[in-house]
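Observations on chain architecture
One-letter residues, chain by chain:
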Amino acid sequence: MEDPVAAAQDADLLLHLTEWTHYSHIDPKRLATLTHTPKVIDARGTLDTDQWRTAGWLTRTLGRP
C-alpha cells in the first residue's frame, strides 16, 4: 500500500520490512489507535523501539534480544 497508515487499519500485527523513512518515521501513537493489537516486528532494525514501546506497542526486532 502507498499509505502506511491505511495499511495498519484493523491489523493484528505489523511487519516492518523496509528501510524507507516514510515508514520508519510514522507516529506509533496514531497507529496504535488504528490497530486491533499494537504489535510490530521490525525486520530492518530501523524503528525507535523505545518510542514504540512508550506508545503501547509490543515490539520485536529481528537480530536483537
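Up top you'll find the structure we're talking about.
Residues numbered from 1 in each chain as written. Predicted model: local features only at pLDDT ≥ 70, side-chain atom pairs only at ≥ 80, totals over all residues. Heavy atoms only, no water.

**A word on the overall build of the protein**
Along the protein, the regular secondary structure elements total 4 helices and 3 strands. Along the chain direction, N to C, the helices and strands of the protein fall in the order α-β-α-α-β-α-β. For 65 residues, the compact-globule estimate of 2.2 N^0.38 gives 11 Å, and the protein sits close to it at 11 Å. Considering only C-alpha atoms, the protein reaches an extent of 25 × 25 × 15 Å along its principal axes. Out of the 65 residues in the protein, the part that is buried amounts to 34%. Within the protein, contacts between residues at least 6 apart in sequence are counted, and of these 53% link residues at least 24 apart. Only carbon and sulfur atoms are counted for the fraction: they give 51% of the accessible area of the protein, which is about 4,400 Å². The averaged location of the 9 negative side-chain charges in the protein is 7 Å from the averaged location of its 7 positive side-chain charges. (Helix = DSSP H or I, 4+ residues; strand = E, 2+ residues; numbered from the N terminus. Rg over C-alpha atoms; globule rule 2.2 N^0.38 Å. Buried < 20%, exposed > 50% of the residue type's maximum accessible area, 1.4 Å probe, protein only. Contact = heavy atoms within 4.5 Å. Areas by Shrake-Rupley, 256 points an atom, 1.4 Å probe, with all protein chains shown as cover. Lys, Arg positive; Asp, Glu negative; His and termini not counted. Charge placed at Lys NZ, Arg CZ, Asp CG, Glu CD.)

**Thoughts on the environment of R44**
Among the secondary structure elements, R44 is positioned in the loop between β2 (39-42) and α4 (49-54). Take R44: its relative accessible area is 42%, and that puts it in the partly exposed class. When the C-alpha positions of R44 and T18 are compared, they lie 6.3 Å apart, and in sequence the two are 26 residues distant. Filtering out sequence-adjacent residues up to four positions away, R44 remains in contact with H16, L17, T18 and E19. Of note is the side chain of R44, whose polar atom sits 2.7 Å from the side chain of E19. (Polar contact = N/O pair within 3.5 Å; in protein donor to acceptor, adjacent residues only side chain to side chain.)

**Concerning the packing of aromatic side chains**
One pass over the structure, following the stated rule, counts 2 aromatic pairs. A ring pair is formed by W20 and Y23, whose centres lie 6.1 Å apart and whose planes are at 40°; its orientation type is tilted. The exposure class of W20 is exposed, given its relative accessible area of 55%. Taken together, a centroid distance of 4.9 Å and an interplanar angle of 65° make the contact between W52 and W57 edge-to-face. (Phe/Tyr/Trp six-rings, centres within 6.5 Å; stacked < 30°, edge-to-face > 60°.)

**Some details on the sheet that holds β2**
Backbone-to-backbone hydrogen bonds join strands into a sheet, with any given pair of strands oriented parallel or antiparallel. Pairing is parallel in the open sheet, where 3 strands are placed in the order β1-β2-β3. Since the sheet does not close on itself, it has two edges, and those belong to β1 (14-16) and β3 (58-61), each with one partner. Neighbour-to-neighbour, the strand axes of this sheet turn through a mean angle of 15°, independent of strand direction. Two strands pair when backbone bridges link them, and β1 and β2 are joined in this way by 3 bridges, in the parallel orientation. Across the sheet, residue L15 finds its bridge partner in β2, namely I41. (Pairing = 2+ DSSP bridges. Axes fitted to C-alpha atoms, helices over the stretch in contact; angles between N-to-C directions.)

**Some details on the pairing of β3**
Of the two faces of β3, only one is covered, namely that formed by T59 and T61; the face formed by L58 and R60 stays uncovered. Bridge count between β2 and β3: 4 bridges; the pairing is parallel. Bridge pairing links K39 to L58 in β3. In terms of handedness, the path from β2 via α4 over to β3 forms a crossover that is right-handed. (Right-handed = clockwise from strand over helix to strand, strands pointing away.)

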